[in-house]
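# Summary of the model geometry
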Amino acid sequence: MSQTIEVIEDKEEIKVEEVLEEKFVVPAFGYELIREVLIPDILGEETPKILYWAGKNVARKYPLESLSDIIPFFKQAGWGDLQVIKESKSELVLELSSEMITKRIKENGKSTFQLEAGFLAQQVENQKQAITEAFEHPRKRSGKVQITVKWDMKDFA
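Quick summary incoming for the structure in this document. Residue indices follow the written sequence of each chain, beginning from 1 at its first position. pLDDT decides what is reported in this predicted model: residues at 70 or higher carry local features, side-chain atom pairs at 80 or more are listed and counted, and totals for whole chains, interfaces and linings draw on all residues regardless. Side-chain numbers here rest on the full set of heavy atoms in the structure, without hydrogens or water.

## So, a nonpolar patch on the surface
Which entries qualify depends on this criterion: Like-charged residues within 9 Å of one another, or nonpolar side chains (Val, Leu, Ile, Met, Phe, Trp, Tyr) within 5 Å, are grouped into patches, provided each residue has over 30% relative accessible area and no salt bridge. Throughout, the Shrake-Rupley method with a 1.4 Å probe supplies accessible areas, and for residues the shown protein chains are the sole cover considered. We define a salt bridge as a contact between a side-chain nitrogen of Lys or Arg and a carboxyl oxygen of Asp or Glu at a distance within 4 Å. Runs of H or I in DSSP of at least four residues are treated as helices and runs of E of at least two as strands, each being numbered from the N terminus.
Together, F29, L33 and V37 make up an exposed nonpolar region whose accessible area comes to about 300 Å². With respect to the helices and strands, V37 occurs in helix α2 (residues 28–43).

In structure tokens, the structure reads:
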């Protein structure tokens, strides 16, 4: 995350890290309006696929060195609280939760978490240097999302 943005009017450099550390408040309604209404209206049935690849693209722009860096990124991005449930030599199971996620899962059966899954797939692929895929499993009863990330160390990225 060592990108720099230059503000031409003031000729000052602002580091992306400084911008990300600032506490901006975005109303949940505005975020949900874009994510749950506008994007699906524009993308239609292709929404999950496009969001998955969009998540991978975001991960390429913000490469993180370890899983312990991914967890605070999720919080900072407003994607929710990410927790490791299980880790093995070729699989990682994570749980994503927040009040907004619980509400989204319980009120909208068509909600997708492919943006987050794509982001995780690309981050783990970069870290493991192996082709990686991620799958979302929304849990209606608990109001949480389980994301399974799988890789094959024989299949190099």
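Okay, back to it.
## Overview of the packing of α2 against helix α3 (residues 47–61)
The following threshold applies: Every axis corresponds to a line fitted to the C-alpha atoms, with the helix fit spanning only the stretch in contact, and the corresponding angles, defined between N-to-C directions, vary from 0 to 180 degrees. What sets the label is the angle itself: under 35 degrees gives roughly parallel, over 145 gives roughly antiparallel, 65 to 115 gives roughly perpendicular, and the rest give oblique. The contact rule is simple, with two residues in contact once any of their heavy atoms fall within 4.5 Å. Three residue categories are used. Nonpolar comprises Ala, Val, Leu, Ile, Met, Phe, Trp, Tyr, Cys and Pro, charged comprises Asp, Glu, Lys and Arg, and polar comprises the others, including Gly.
Running from N to C, α2 and α3 point in directions that differ by 110°, and their axes come no closer than 9 Å. Put simply, α2 runs roughly perpendicular to α3. Residues I39, P40 and L43 of α2 touch α3, and the partners they reach there are T47, I50 and L51. Its residues placed into classes, the contact of α2 with α3 shows five nonpolar, one polar and no charged.

## Observations regarding the layout of surface pockets
Cut-off, in case you're wondering: Of the grid points, spaced at 1 Å and generated over the protein atoms alone, those admitting a 1.4 Å probe that cannot get out make up cavities, while open sets with protein on both sides within 12 Å along at least five of seven lines make up pockets; any residue with an atom within 4 Å of a point is treated as lining. Grid points are joined across faces, edges and corners, and a volume is the space filled by probe spheres set on the points.
A volume near 170 Å³ is recorded for the second largest pocket. The wall of the second largest pocket is formed by A28, E32, E36, M100, K103, R104, E107 and N108. Those elements that provide at least two residues to the lining of the second largest pocket are α2 and α5 (99–107). Here the element with the most residues in the lining of the second largest pocket is α5; it accounts for four residues.

## What about the sheet that holds strand β5 (residues 130–139)?
As a reminder of what qualifies: The pairing criterion is simple: DSSP has to find at least two bridges between the two strands.
Strand order in the open sheet formed by four strands is β3-β4-β6-β5, with antiparallel pairing between adjacent strands. Edge positions in the sheet fall to β3 (81–87) and β5, since each of these pairs with one other strand and no more. With direction set aside, neighbouring strand axes in the sheet form an average angle of 25°. Both strand β4 (residues 91–97) and strand β6 (residues 144–156) contribute to a ladder of six bridges, which runs antiparallel. When the bridges of β6 are listed, L96 appears paired with V145. Lying over the sheet, α5 contacts β4, β5 and β6, oriented at roughly 100° with respect to β6. The strands that helix α6 (residues 114–128) touches are β3, β4, β5 and β6; relative to β5, the one it contacts most, it runs at about 150°.

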